Amino acid sequence: MKASIVFYQNQEETVIIIKKNNRTVDRLARPKNCELSQSLLRDVHCLLRKNKISLDQVLKAIFQSDLPDNFTSRRIIHVVSDIFTFGLNTAHRQKNKKW
């Protein structure tokens, strides 16, 4: 099973979407002005745990936003998505590495 995480953001909210085999299985929306830096990773882990998806099953994290680059919340989401992707790529490389 392949899973992905989509971080989507617009003027009104930030949405975390969990997909399995390209189908949306769960989503969580946070209103604008919520403390994203405090809750974003916790929310992702809660959604994954709720849907019984391990990090090994997550292939990618995708960032999408309708906001301009100068919005702080956009930068927070983008950095979290990039870090999540980096962590996933590193974990997958280590798992497939042959000694």
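Residues numbered from 1 in each chain as written. Predicted model: local features only at pLDDT ≥ 70, side-chain atom pairs only at ≥ 80, totals over all residues. Heavy atoms only, no water.

1. Some words on the sheet that holds strand E2 (residues 13-20)
Phase 1: If you walk across this open sheet you meet the four strands as E3-E2-E1-E4, and the pairing is mixed. Each edge of the open sheet carries a strand with a single partner, namely strand E3 (23-31) and strand E4 (58-65). The mean inter-strand angle of the sheet, taken between neighbouring strand axes irrespective of direction, is 15°.
Phase 2: Looking at chain direction, strand E1 (residues 3-9) and E2 are connected through seven bridges and run antiparallel. Pairing of Val6 across the sheet is with Ile17, part of E2.
Phase 3: This element, helix H2 (residues 72-96), spans E1, E2 and E4 of the sheet and lies at about 165° to E4. (Pairing = 2+ DSSP bridges. Helix = DSSP H or I, 4+ residues; strand = E, 2+ residues; numbered from the N terminus. Axes fitted to C-alpha atoms, helices over the stretch in contact; angles between N-to-C directions. Contact = heavy atoms within 4.5 Å.)

2. Notes on the side chain of Asn51
Phase 1: Within the secondary structure layout, Asn51 lies in the loop between helix H1 (36-50) and E4.
Phase 2: Given a relative accessible area of 17%, Asn51 falls into the buried group.
Phase 3: Setting aside residues up to four positions removed in sequence, Asn51 forms contacts with Lys20, Val25 and Asp26. (Buried < 20%, exposed > 50% of the residue type's maximum accessible area, 1.4 Å probe, protein only.)

Functional significance is not addressed by these values, which are geometric in nature.
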